[in-house]
Amino acid sequence: MGTLLTKLGPVLMLGLFFLAELLAALFLFSFWQHLKAVQKKNKRESSAENQGDELLLEKTKAALLTLRLNDAMPLAMSRGFSTLTGLSFSQLQGDIRKLMELADPAESRAFYKRYKEWDGKTRLCQEFRAAATGRWLRLTVERSADQKSDLFLFEDWTENEQRLRALEAQLEEAQKASQSKTTFLSKMSHEIRTPMNGIVGMLTLAHHALDENAPAIVYLHKAEELVQYMLSLINDILDMSRIEAGRIELEEKVFDIDDLAEKMRSLFQKNIESKGVRFIVEQLDFDVHNLIGDELRISQVVINFISNAMKFTEQGEIRVTFRQMQRNHGRLDLLIRVHDTGIGMEPEFISRMFHPFEQESTEVTKKYGGTGLGMAITDQLVQLMGGEIVVDTSTGQGTDFTVLLNLPVAADQTVKPKHAAASSTSAESASLQGRHFLMAEVNEINAEIAESMLEMAGATLDIAHDGAQAVAMFDGQAPQTYDAILMDIQMPVMDGRTAARKIRALPREDARQILIYALSADAFVEDQRASMEAGMNGHFSKPINFEEMQKTLAEALKTRDSL
């Protein structure tokens, strides 16, 4: 047995060796097969991914182009790109500059400059007209997440551009229509105001010709009230039209808050207190007086609120408060409040009270009248000045209108000397006895009325029928012949503002000192400013209030004579 094992030992050892070799071979073969399968799988996945990318670019309708960032080499392109632009992938690989030929050369250069300066953080967009087809294209460029390439997306933008052009044409037509409406209303205003000036003048002359106890005096007063109501309607409609057309321009000038408050007192005190209603104007907490802003427009806002309060208040009080709030960095928060104890409003009406032509109810309209435009105009003006309006009201308890404005404080806080209030009401101070005026007026009836009114005040009048004649008459007289010039604006040959400039430029000693006042059917704030810029001292809007004109002329002449 031992001998047998001894003989079999080498054979067994050899068999075990071969078995081990076979097992190792089998293991290596199995490992090789696994590795080969893994590689094959990875290859299939990679191929599928590439095919997916190619399929995406191949099938997408979008015009896409990918450029490598460092050398602008095209990496991929969609079929949609070739369809839209007519460029092939091989063409761009051969010469990327062909991409620049899609648009006008100047436009391409401008976009290329923007592209080179672009930081890639946001999308880069450009619309342009294709040079070959004339169609509009929109290009959007977006940088890849790895910052190695840029994706160019081209879109046919022709329909969008056509819609935009159509909308622009519609907007232009709407603007032309609005301008035509404004021009028409402005002309109608002038045409209406000119004969109304004659009506008011004739009523005034009739009033002076009749005894104060004559029965006809009552009718004259009623006629004058109706004329004023018609004027307020015309003013509101034209103001609203100009606001809608964007033709309201704000002025930035120094004004005295004390003067503004006093103006409100003098305008309304007599009429409000005649109703048995107390009228208080107060100024609180001011440590400055001169502000910068559009005084005329601020006055218009306050006047609208006070007029509204006067209309709806039968008893109690109307209180106008001007209050300085905060003052920081050269600016001041100005609060203006108009409080009344009138009929008040339903809270639900507040949300629509600033809409044009809005009225709280038909009953209110029938009883108190009005167009519903005053509040809409006021709201628009306050918005233009960067302010806001706060309304507090309750039915039967009255209404508070509060305006908040932020205005610059004037550097010069010098307080101008105030004239005594009594001087404006005395008959002596309003006398024009011995004064000699030059008047330029194209309408004969208006000239006749003005001449009669001034003669009744003790003055004499020379009349010119156009601006050129007015310049010649002034220049042909000795210095100091005329105390003042009353200048119509719309006249043939030469308009009134041009005539005023010509007179101011004459080489004579009184050309720059003589008082010149506009007489105009154009009654807007902008018209008043235009008159002042032409070198005039004031602006009387038609129909002219001859009593106010007489007072203004008398005070101005008295001031001039005292210098």
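Up top you'll find the structure we're talking about.
In this text, all values refer to a predicted model and were calculated from it rather than measured experimentally.

Undergrad: Hey, could you run me through the overall build of the chain in this one?
TA: The secondary structure content of the chain amounts to 15 helices and 17 strands. Put simply, the chain has 563 residues, and 39% of those count as buried. Taking contacts inside the chain between residues at least 6 apart in sequence as the whole, the part at least 24 apart equals 64%. Surface exposure of the chain reaches about 32,300 Å², of which carbon and sulfur atoms provide 56%.

Undergrad: Is there a simple way to think about the nonpolar core in this case?
TA: Generally speaking, a soluble globular protein has its nonpolar side chains buried in company with each other. Counting residues in hydrophobic clusters, the biggest one holds 47 residues, and the most contacted among them are Ile-298, Ile-306 and Phe-322. Setting aside chain neighbours within four positions, we find Phe-322 in contact with Ile-257, Leu-260, Ala-261, Met-264, Val-281, Glu-282, Gln-283, Leu-284, Phe-286, Leu-335 and Ile-336. Residues Phe-437, Ile-449, Tyr-517 and Leu-557 belong to the second largest nonpolar core, which totals 24 residues.

Undergrad: How should the sheet that holds strand E7 (residues 278-284) be read in this particular structure?
TA: Hydrogen bonding along the main chain pairs the strands of a sheet, whether they run parallel or antiparallel. Read across the open sheet, the five strands follow the order E7-E9-E10-E12-E11; overall the sheet is mixed. The open sheet has two edge strands with one neighbour each: E7 and strand E11 (388-394). Between one strand and the next, the sheet's axes are offset by a mean angle of 15°, whatever the strand orientation. Here seven bridges tie E11 to strand E12 (residues 398-408), and the two strands are oriented antiparallel to one another. Looking at E12, one finds that Val-391 is bridged to Phe-401.

Undergrad: For this particular structure, what's the right way to read the pattern of salt bridges?
TA: Where side chains of opposite charge bring their charged atoms close, a pairing between them can arise. Applying the stated rule across the entire model yields 27 salt bridges. Asp-71 is the partner of Arg-68 in a salt bridge, and the nearest nitrogen-oxygen pair spans 2.7 Å. For Asp-71, a relative accessible area of 41% puts it in the partly exposed group. Among the salt bridges present, the one from Arg-323 reaches Asp-285, with a minimum N-O distance of 3.4 Å. Note that Arg-323 is positioned in strand E9 (residues 317-328) and Asp-285 in the loop between E7 and strand E8 (290-293), a separation of 38 residues in sequence. Ionic contacts of the salt-bridge type, sharing partners, join the residues Glu-251, Lys-253, Asp-294 and Arg-529 into one network.

Undergrad: What is the right way to look at the pairing of E9 in this model?
TA: A regular strand carries its side chains on alternate faces of the sheet. Bridging between E7 and E9 involves seven bridges; their strand directions are parallel. The residue bridging Arg-278 from the neighbouring strand is Glu-317, located in E9. With nine bridges connecting them, E9 and strand E10 (residues 331-340) associate as antiparallel partners. Bridge pairing in E10 links Gln-324 to Leu-334.

Undergrad: Whenever I open this one, the packing of aromatic side chains confuses me. Can you help?
TA: Aromatic rings in a pair are described by how distant their centres are and how their planes are angled relative to each other. In this structure the tally under the stated criterion is five aromatic pairs. The interplanar angle of 70° and the centroid separation of 5.3 Å between the aromatic rings of Phe-81 and Phe-154 together place this pair among those described as edge-to-face. Residue Phe-81 is found in helix H2 (residues 79-85), and its partner Phe-154 is found in strand E5 (residues 149-156); the two are separated by 73 residues along the sequence. With respect to class, Phe-81 is no different from Phe-154; both count as buried. Taken together, Tyr-115, Trp-118 and Phe-152 form an aromatic cluster joined through their ring pairs. Over the aromatic face of Trp-157 sits the side chain of Arg-138, whose NZ or CZ is 4.8 Å from the ring centroid. Cation over ring: Arg-508 sits above Phe-474, and NZ or CZ is 4.3 Å from the ring centre.

Undergrad: Looking at this structure, I do not really get the packing of helix H7 (residues 257-273) against helix H8 (residues 295-312). What am I missing?
TA: The description of two helices packed together rests on the angle between their axes and the distance between the axes. Contact geometry of H7 with H8 gives a least axis separation of 11 Å together with a crossing angle of 25°. Considered as vectors, H7 and H8 are oriented roughly parallel to each other. Our pair here, H7 against H8, has a crossing hand that is right-handed. Together, Leu-260, Lys-263, Met-264, Leu-267, Phe-268, Asn-271 and Ile-272 of H7 and Glu-295, Ile-298, Ser-299, Val-302, Ile-303, Ile-306, Ser-307 and Met-310 of H8 make up the contact between the two elements. Counted by class, the contact of H7 with H8 contains ten nonpolar, three polar and two charged residues.

Undergrad: How should I be thinking about the packing of H8 against helix H14 (residues 525-533) in this particular structure?
TA: In contact at an axis separation of 10 Å, H8 and H14 are set at 150° when each is read in the N-to-C sense. With respect to each other, H8 and H14 are oriented roughly antiparallel. Pair H8 / H14 crosses with right-handed handedness. Of the residues in H14, those in contact with Leu-296, Arg-297 and Gln-300 of H8 are Val-525, Glu-526, Gln-528 and Arg-529. The residue makeup of the contact of H8 with H14, split by class, is two nonpolar, two polar and three charged.

Undergrad: I keep staring at helix H13 (residues 496-504) and nothing clicks. Help me out?
TA: Along an α-helix, residues three or four positions apart point the same way, because every turn accommodates 3.6 residues. Where H13 is concerned, the buried positions are Gly-496, Arg-497, Ala-499, Ala-500, Ile-503 and Arg-504. For H13, the buried positions fall inside an angular range of 160° around the axis, keeping them on one side. The N-terminus of H13 is capped by Asp-495, whose side-chain oxygen sits 3.0 Å from the backbone nitrogen of Arg-497.

Undergrad: For this particular structure, what's the right way to read the environment of Ala-62?
TA: Position of Ala-62 among the secondary structure elements: in the loop between helix H1 (2-59) and strand E1 (63-68). Look at Ala-62 and you get partly exposed, because its relative accessible area is 28%. With 19 residues separating them in the primary sequence, Ala-62 and Phe-81 have C-alpha atoms 6.8 Å apart. Apart from residues lying up to four places away in sequence, Ala-62 is in contact with Ser-78, Gly-80, Phe-81 and Leu-153.

Undergrad: Just to check I follow, could you spell out unusual backbone geometry for this structure?
TA: Peptide bonds are, in most cases, trans, and in most cases residues other than glycine have a negative phi. Put simply, Lys-542 and Pro-543 share a cis peptide bond, and its omega is 0°. Its place among the elements puts Pro-543 in the loop between strand E17 (538-541) and helix H15 (546-562). Located in the positive-phi region is Gln-147, a residue other than glycine, with phi close to 60°. Along the chain, Gln-147 falls in the loop between strand E4 (136-143) and E5. Owing to a relative accessible area of 46%, Gln-147 belongs among the partly exposed residues under this scheme. The backbone of Val-493 shows a phi angle near 70°, a positive value even though the residue is not glycine. You can see Val-493 is positioned in the loop between strand E15 (484-488) and H13. Given the relative accessible area of 72%, Val-493 is considered exposed.

The rules behind each value
Residues numbered from 1 in each chain as written. Predicted model: local features only at pLDDT ≥ 70, side-chain atom pairs only at ≥ 80, totals over all residues. Heavy atoms only, no water. Helix = DSSP H or I, 4+ residues; strand = E, 2+ residues; numbered from the N terminus. Buried < 20%, exposed > 50% of the residue type's maximum accessible area, 1.4 Å probe, protein only. Contact = heavy atoms within 4.5 Å. Areas by Shrake-Rupley, 256 points an atom, 1.4 Å probe, with all protein chains shown as cover. Core = buried A, V, L, I, M, F, W, Y, C linked by side-chain atoms within 4.5 Å. Pairing = 2+ DSSP bridges. Axes fitted to C-alpha atoms, helices over the stretch in contact; angles between N-to-C directions. Salt bridge = Lys/Arg side-chain N within 4 Å of Asp/Glu carboxyl O. Phe/Tyr/Trp six-rings, centres within 6.5 Å; stacked < 30°, edge-to-face > 60°. Lys NZ or Arg CZ within 6 Å of the ring centre and 35° of its normal. Parallel < 35°, antiparallel > 145°, perpendicular 65-115°, else oblique. Left-handed = near helix turned anticlockwise from the far one by under 90°. Nonpolar A, V, L, I, M, F, W, Y, C, P; charged D, E, K, R; others polar. Arc of directions from axis to C-beta. Polar contact = N/O pair within 3.5 Å; in protein donor to acceptor, adjacent residues only side chain to side chain.

From the geometry alone we can't say anything about function, so treat these as descriptive.
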